[in-house]
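What follows is each chain in one-letter form.
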Amino acid sequence: MMPRSRARAFRSRYGSVRKKIRTFAGNRSLRRKRFGERDELSRRPAAVFHRVAESVFSEAPISVLIIDQRQVERLLTMPECIEAMDGALRSLALGEATLPLRSIVWLPDRSGALGLMPAQMAAAGFLGVKAVTFFPKNEGTERDSHQGAVLLFDATNGALGAIIDATAVTAIRTAAVSGVATRLLAREDAGDLALVGSGVQARTHLSAMLAVRKLRRIRVASQSPERAARFAQRESRRHGIAIEPVAGAREAVSGADIVCCATSSREPVVRGEWLSSGAHVNAVGSSVAAARELDTAAVVRSRLYVDRRESAIHEAGDFVIPFQEGAIGEDHIVAEIGEVLVGRRPGRGSRDEITVFKSVGLAVEDVAAARIILEKARAMPELLRIELGGARYEAD
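Residues numbered from 1 in each chain as written. Predicted model: local features only at pLDDT ≥ 70, side-chain atom pairs only at ≥ 80, totals over all residues. Heavy atoms only, no water.

1. Here we look at the environment of P322
Phase 1 of the analysis: Its location among the elements puts P322 in helix α12 (residues 317–324).
Phase 2 of the analysis: Take P322: its relative accessible area is 0%, and that puts it in the buried class.
Phase 3 of the analysis: Spatially, the C-alpha atom of P322 lies 7.7 Å from that of V299, the residues being 23 residues apart in sequence.
Phase 4 of the analysis: With residues up to four places along the chain from it excluded, the contact list for P322 reads R292, T296, V299, G317, A327 and I328. (Helix = DSSP H or I, 4+ residues; strand = E, 2+ residues; numbered from the N terminus. Buried < 20%, exposed > 50% of the residue type's maximum accessible area, 1.4 Å probe, protein only. Contact = heavy atoms within 4.5 Å.)

Structural data, given as structure tokens:
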């Protein structure tokens, strides 16, 4: 316990030192003398403030990092997230991580929902939860369809270490998991990519596919041709590659050997008859039992892989709806991706078969991604830190 008198002393010290630190941080000549002309801190008053103040703040009961969307995108690169997702899925397959099914609370008109996704990876030293809202009507607006926060806790003492923007984490780790699945299941020479959807997930999936396969052709289709055209122009410029906007999903999928479905549609956007022999499909847009992106024929034609059986059976409309129709049984799921990674189950069996990876998103993926972010962020004194509980004060 921290005595209340000590807490008062900390606040008093903080108040007096804070003014001195700001004076120093704002005086360029003093900064040059202390850090040198070329030192980055001599040009960044905010960084000076945080570094000098760090020794004072370290006496606070709990220091919680607040990491926003832009910072997540700086700290979590696609290649390292792909490797982290590979490790997280292996851990899940080996029983080293646990998670319950997500809990979802819908608004009365079902226009939006709040989801809670907890998980523990005690061997890695962390447990966490993602609280995220899902509002499909946000597609095409200034707001993302998924918004929320990931809370990462220390598995040794329960201390909250970070509050991290969930929009960016979800966007990157979802695509990274598809990257793991594509690396594992797509043909080695696959390079004709179809992106169905033109939102955040289409953008991150393009990055993930570029990380695991050498792409020779890229097409994008969207419910809005204008959004598809804007996506193609923007991402062509970002990656220095040619991206072709097409009129619809059928035109995008025809002849493609990698297909990424990343839409908020509740009805199928890709039909089995459109898929080419040997294609690999990542279906990530739906995580509820009443919505799907693939029709029944697409699922029946494919060898189906999932991130987690229990989650897919209860939450993946791409599986649940064909199952309810009697078109497939539970044994249609060949394996979890983690089971293939650890060698327990087979992957692609031939060049001609169609593979589908159905992802609903798992909390262990969020925790694994958040761990990378937190470990990097701890070395960045300019990031916001706050005192947020965790210590008890004795009564006077």
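2. Description of empty space enclosed by the protein
Phase 1 of the analysis: Following the criterion strictly, the structure yields 3 cavities of 30 Å³ or more and no others.
Phase 2 of the analysis: One number sums up the size of the largest cavity: a volume of about 50 Å³.
Phase 3 of the analysis: What lines the largest cavity is L99, P100, L101, R102, M117, R308, S311, E315, G361, L362 and A363.
Phase 4 of the analysis: Classifying every residue of the lining of the largest cavity gives 6 nonpolar, 2 polar and 3 charged. (1 Å grid on protein atoms, 1.4 Å probe; cavity = no way out; pocket = protein on both sides within 12 Å on 5 of 7 lines; lining within 4 Å. Points joined across faces, edges and corners; volume = space filled by probe spheres on them. Nonpolar A, V, L, I, M, F, W, Y, C, P; charged D, E, K, R; others polar.)

3. Overview of the sheet that holds strand β3 (residues 103–106)
Phase 1 of the analysis: Taken in spatial order, the 7 strands of this open sheet run β3-β4-β5-β6-β7-β2-β16, and their pairing is mixed. In this open sheet, the two strands that pair with only one neighbour each are β3 and β16 (384–386). Going across the sheet, the axis of each strand differs from the next one's by a mean of 15°, ignoring polarity.
Phase 2 of the analysis: In terms of strand pairing, strand β5 (residues 126–134) meets strand β6 (residues 146–154) through 9 bridges, oriented antiparallel. Directly across from F126, in β6, lies its bridge partner D154.
Phase 3 of the analysis: Most of the contacts of helix α14 (residues 363–377) go to strand β4 (residues 113–121), to which it runs at about 70°, and overall it touches β2 (64–67), β4, β5, β6, β7 (160–165) and β16. (Pairing = 2+ DSSP bridges. Axes fitted to C-alpha atoms, helices over the stretch in contact; angles between N-to-C directions.)

4. Overview of the sheet that holds strand β8 (residues 192–196)
Phase 1 of the analysis: Strand order in the open sheet formed by 8 strands is β10-β9-β8-β11-β12-β15-β13-β14, with parallel pairing between adjacent strands. Edge positions in the sheet fall to β10 (244–245) and β14 (333–336), since each of these pairs with one other strand and no more.
Phase 2 of the analysis: Strand direction decides the pairing type here: β8 and strand β9 (residues 217–221), joined by 5 bridges, are parallel. Among the inter-strand pairings, L193 is bridged to a residue of β9, identified as I218.
Phase 3 of the analysis: Strands in contact with helix α6 (residues 166–185) are β11 (258–261), β12 (280–283), β13 (302–306) and β15 (354–358); relative to β12, the strand with the most contacts, it is inclined by about 165°.
Phase 4 of the analysis: Set on the sheet, helix α7 (residues 200–212) makes contact with β8, β9, β11 and β12; between it and β8 the angle comes to about 165°.

5. What to know about the packing of aromatic side chains
Phase 1 of the analysis: According to the stated counting rule, one finds 1 aromatic pair in the structure shown.
Phase 2 of the analysis: Aromatic pair F319 and F323: ring centres 5.6 Å apart, planes at 20°, arrangement stacked. Here F319 pairs with F323, and both are found in helix α12, just 4 residues apart, close to one helical turn.
Phase 3 of the analysis: On the basis of relative accessible area, F323 is assigned to the partly exposed category, the value being 36%.
Phase 4 of the analysis: In this structure, R110 packs its charged tip against the face of W106, placed 4.2 Å from the ring centre. (Phe/Tyr/Trp six-rings, centres within 6.5 Å; stacked < 30°, edge-to-face > 60°. Lys NZ or Arg CZ within 6 Å of the ring centre and 35° of its normal.)

6. Side note on α6
Phase 1 of the analysis: Taking 1.5 Å as the rise per residue, α6 with 20 residues should run 28 Å; its terminal C-alpha atoms sit 28 Å apart, in good agreement.
Phase 2 of the analysis: Counting buried residues along α6, 18 of its 20 residues qualify, which places the element largely inside the surrounding structure.
Phase 3 of the analysis: N-cap assignment for α6: the residue whose side-chain oxygen lies 3.2 Å from the backbone N of T167 is D165. (Expected span 1.5 Å × (residues − 1). Polar contact = N/O pair within 3.5 Å; in protein donor to acceptor, adjacent residues only side chain to side chain.)

7. Points about the pairing of β13
Phase 1 of the analysis: Taking burial as the measure, the 5 residues of β13 include 4 buried ones, the bulk of the element.
Phase 2 of the analysis: Summarising the sheet, β13 and β15 pair through 5 bridges and their orientation is parallel. Bridge pairing links Y305 to F357 in β15.
Phase 3 of the analysis: As defined by bridge partners, β13 adjoins β14 across 3 bridges and the pair is classed as parallel. Following the sheet pairing, L304 is matched in β14 by I333.

8. Focus: the pattern of salt bridges
Phase 1 of the analysis: Throughout the structure, instances matching the rule amount to 23 salt bridges.
Phase 2 of the analysis: Two residues, D295 and R271, come together in a salt bridge whose shortest N-O distance is 3.7 Å. You can see D295 sitting in the loop between β12 and α10 (296–301) and its partner R271 sitting in the loop between β11 and β12, a full 24 residues away along the chain.
Phase 3 of the analysis: The exposure class of D295 is buried, given its relative accessible area of 10%.
Phase 4 of the analysis: In this structure, the salt-bridge partner of E339 is R309, at a minimum N-O distance of 2.8 Å. Within this pair, whereas E339 is found in helix α13 (residues 337–341), its partner R309 is found in helix α11 (residues 309–315), the two being separated by 30 residues in sequence.
Phase 5 of the analysis: A relative accessible area of 16% places E339 in the buried class.
Phase 6 of the analysis: Among the residues examined, R309 registers a relative accessible area of 26% and is labelled partly exposed.
Phase 7 of the analysis: Among the charged side chains, a salt-bridge network with shared partners connects E83, D86, R90 and R183. (Salt bridge = Lys/Arg side-chain N within 4 Å of Asp/Glu carboxyl O.)

What is shown is where atoms sit, not what they do.
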